[in-house]
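# Results of the structural survey
Here are the chains, one letter per residue:
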Amino acid sequence: SFIYFDANVPSPPFTFNKNGTTNTWDFSVLSPVVGEEDTVFFLDPATISGGGSFPSATHATYENGDETINMMNISGGNLNFLGFVGDPIGTGTNSPVMAQPPVIAMNFPYTFGNTINGNTFYEVFTTGAAIGQPTIDSVRFKSSLIINTEVIASGDIILPSGTFASILEQKINSSIDSAMMKG
């Protein structure tokens, strides 16, 4: 699992360089707790109900507190987002939702200066009754995702467990959601 920690929590907050290639980021005083809200867990896709809908998935992830499980394929060249298992429109039932098309999240090796720009979408079709509106015949929900990522810095990060080569990634994700109903 990955454990993320808010760098603004210590008082005073950490300050660190956000560009260049020879940075040293000293976070040695952090004591993140496994299971905190921002802990990211990795699972075997075969253990996820609905995971069989993603036959090329090699990894599944979720952030503690989230109900959505992301499905990914990690190969020697890329990390691809395939979709997720979740309940995007609040029907009370989790189901597999495919990214159309799957989108690259990282190219390997992933280093300083790399950029990723991708577009994908997912759609859900259901009945009005499934969302608690039985007078509506059908519902279509479409979410378009625009992903812009850049590795803006690299260096060494010092953690309580040791020093590791690291990168700093800036990611801007935008979504455009549309809902259509047929009465």
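Notes on the structure in this doc start here. The model shown is predicted, which means the values in this text are computed figures rather than measured ones.

### So, the overall build of the chain
Counting its secondary structure elements, the chain contains zero helices and ten strands. Overall, the chain shows an N-to-C arrangement of helices and strands of β-β-β-β-β-β-β-β-β-β. Looking at the chain as a whole, 28% of its 183 residues qualify as buried. By sequence separation, contacts in the chain at least 24 residues apart represent 50% of the contacts at least 6 residues apart.

### Things to note about the pairing of strand 4 (residues 59-63)
Each regular strand displays side chains that alternate between the two surfaces of the sheet. Pairing of strand 3 (residues 39-43) with strand 4, which is carried by four bridges, proceeds in the antiparallel orientation. Within strand 4, the residue paired with F41 across the bridge is Y62. When strand 4 meets strand 5 (residues 69-74), the two strands line up antiparallel, connected through three bridges. When the sheet's bridge partners are listed, T61 is paired in strand 5 with N70. Counting the residues between successive antiparallel strands, the hairpin from strand 4 to strand 5 contains five residues, one of them, G65, with a positive phi of roughly 95°.

### Some thoughts on the environment of F84
Mapped onto the elements of the fold, F84 is located in strand 6 (residues 78-86). Taking relative accessible area as the criterion, F84 reaches 8% and is therefore assigned buried. In this structure, the C-alpha to C-alpha distance between F84 and N70, residues 14 residues apart in sequence, is 4.3 Å. Ignoring any residue separated from it by four or fewer positions in sequence, one finds F84 in contact with F54, T68, I69, N70, M71, S95, P96, V97 and Y122.

### Some remarks on the packing of aromatic side chains
Counted according to the given criterion, the structure contains three aromatic pairs. Note on F84 and Y122: the rings are 5.0 Å apart at their centroids and 85° apart in plane angle, and the pair reads as edge-to-face. Of this pair, F84 sits in strand 6 while Y122 is found in strand 8 (residues 115-127), placing the two residues 38 residues apart along the sequence. Here F84 and Y122 have matching classes, each one buried. With 6.2 Å between their ring centres and 50° between their planes, Y122 and F141 make a pair best called tilted. Of this pair, Y122 sits in strand 8 while F141 is found in strand 9 (residues 138-159), placing the two residues 19 residues apart along the sequence. Summarising the burial analysis for this pair, Y122 and F141 share the class buried. Here the aromatic cluster, defined as three or more aromatic residues joined through ring pairs, consists of F84, Y122 and F141. In this structure, K142 is placed above the aromatic ring of F121, and the distance from its NZ or CZ to the ring centre is 4.5 Å.

### Considerations on the environment of S161
Within the secondary structure layout, S161 lies in the loop between strand 9 and strand 10 (162-182). For the pair S161 and S28, spaced 133 residues apart in sequence, the C-alpha separation works out to 8.1 Å.

### Focus on the pairing of strand 9
Here strand 2 (residues 20-26) runs beside strand 9; their pairing, made up of five bridges, is parallel. Residue pairing for strand 9: G20 is matched across the bridge by A153. Direction of pairing for strand 8 relative to strand 9: antiparallel, over a ladder of 13 bridges. For F125, the partnering residue across the bridge sits in strand 9 and is R140. Hairpin connection, strand 9 to strand 10: the antiparallel pair is bridged by two residues.

Calculation rules
Residues numbered from 1 in each chain as written. Predicted model: local features only at pLDDT ≥ 70, side-chain atom pairs only at ≥ 80, totals over all residues. Heavy atoms only, no water. Helix = DSSP H or I, 4+ residues; strand = E, 2+ residues; numbered from the N terminus. Buried < 20%, exposed > 50% of the residue type's maximum accessible area, 1.4 Å probe, protein only. Contact = heavy atoms within 4.5 Å. Pairing = 2+ DSSP bridges. Phe/Tyr/Trp six-rings, centres within 6.5 Å; stacked < 30°, edge-to-face > 60°. Lys NZ or Arg CZ within 6 Å of the ring centre and 35° of its normal.

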